[in-house]
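Coordinate inspection notes
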Amino acid sequence: MKAKKYRKTATIEAEQFNEAEWQEKYRACHNPDQWETLARPYGIDRYHGHFIIVTLEGDLILHDGDWIATGINGEHWPIADDIFRKTYVEAEK
């Protein structure tokens with residue numbers, strides 16, 4: 001069997017995760033509902049001192065500098081910075 005090469009065809013949205021910025025946002029929230037309103041659109045939550053992102057495959061820890069990708073169906077997943085830079089280029093506006 002000979003493997004074929006494939007490339008991604010979907011366009012995603014992505015934002016780089018800044019842990020210090022999110023720590024500040026987390027500390028500024030005065031109740032769980034406020035945190036939920038702020039973080040849920042990005043799929044972010046906080047658990048046992050870590051920021052996590054809820055993915056279709058399960059919860060994954062976010063690391064400073066990771067990219068939060070949003071797919072065509074609204075799903076979120078983290079991508080390590082080095083992988084993101086090798087895999088994606090900014091789309092034309």
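For the structure, check the block above.
First things first, this report covers the structure right here in the doc.

**Description of the packing of aromatic side chains**
A full pass over the atoms with the stated rule returns 8 aromatic pairs. Ring plane angle 90 degrees and centroid distance 5.0 Å describe the contact between Tyr26 and Trp35, whose orientation is recorded as edge-to-face. On the basis of relative accessible area, Tyr26 is assigned to the partly exposed category, the value being 34%. Judged by centre distance (4.2 Å) and plane angle (10 degrees), the rings of Trp67 and Phe84 are stacked.

**Examining the environment of His30**
Within the fold, His30 resides in the loop between helix H1 (19-28) and helix H2 (32-39). Polar side-chain contacts of His30 include one of 3.2 Å to the backbone oxygen of Ala28.

**Points about the sheet that holds strand E2 (residues 44-47)**
As summarised here, the arrangement of the 3 strands in space is E2-E3-E4, forming an open sheet in which the pairing is antiparallel. The open sheet has two edge strands, E2 and strand E4 (58-61), and neither has a second partner. Neighbour-to-neighbour, the strand axes of this sheet turn through a mean angle of 40 degrees, independent of strand direction. Both E2 and strand E3 (residues 50-55) contribute to a ladder of 4 bridges, which runs antiparallel.

**So, the pattern of salt bridges**
Applying the stated criterion across every chain yields a total of 4 salt bridges. Across the pair Glu21 and Lys25 runs a salt bridge, and its minimum N-O distance is 3.3 Å. Of the two residues, Glu21 and Lys25 are both situated in helix H1; the distance of 4 residues between them amounts to about one turn of the helix. By relative accessible area, which is 37% here, Glu21 ends up partly exposed. According to the relative accessible area criterion, Lys25 is partly exposed, its value standing at 27%. Measuring nitrogen to oxygen at the nearest pair gives 3.6 Å for the salt bridge that ties Asp45 to Arg40. Residue Arg40 is classed as partly exposed on the basis of its relative accessible area of 33%. Linked by salt bridges that have partners in common, Glu36, Arg40 and Asp45 make up one network.

**Section: the pairing of E3**
Between the antiparallel neighbours E2 and E3 lie 2 residues, among them His48 with a positive phi of about 50 degrees. Bridge count between E3 and E4: 4 bridges; the pairing is antiparallel. Bridge pairing in E4 places Ile53 opposite Leu60.

**Some thoughts on the sheet that holds strand E5 (residues 67-70)**
Within the open sheet, the 3 strands sit side by side as E1-E5-E6. Their pairing is antiparallel. Where the open sheet ends on each side, the last strands, each with one partner, are strand E1 (13-16) and strand E6 (76-79). Direction aside, the axes of adjacent strands within the sheet are offset by 25 degrees on average. Here E5 pairs with E6 via 4 bridges, running antiparallel. From the neighbouring strand, Ile68 faces E6, where its bridge partner is Pro78.

About the cut-offs
- Residues numbered from 1 in each chain as written.
- Predicted model: local features only at pLDDT ≥ 70, side-chain atom pairs only at ≥ 80, totals over all residues.
- Heavy atoms only, no water.
- Phe/Tyr/Trp six-rings, centres within 6.5 Å; stacked < 30°, edge-to-face > 60°.
- Buried < 20%, exposed > 50% of the residue type's maximum accessible area, 1.4 Å probe, protein only.
- Helix = DSSP H or I, 4+ residues; strand = E, 2+ residues; numbered from the N terminus.
- Polar contact = N/O pair within 3.5 Å; in protein donor to acceptor, adjacent residues only side chain to side chain.
- Pairing = 2+ DSSP bridges.
- Axes fitted to C-alpha atoms, helices over the stretch in contact; angles between N-to-C directions.
- Salt bridge = Lys/Arg side-chain N within 4 Å of Asp/Glu carboxyl O.

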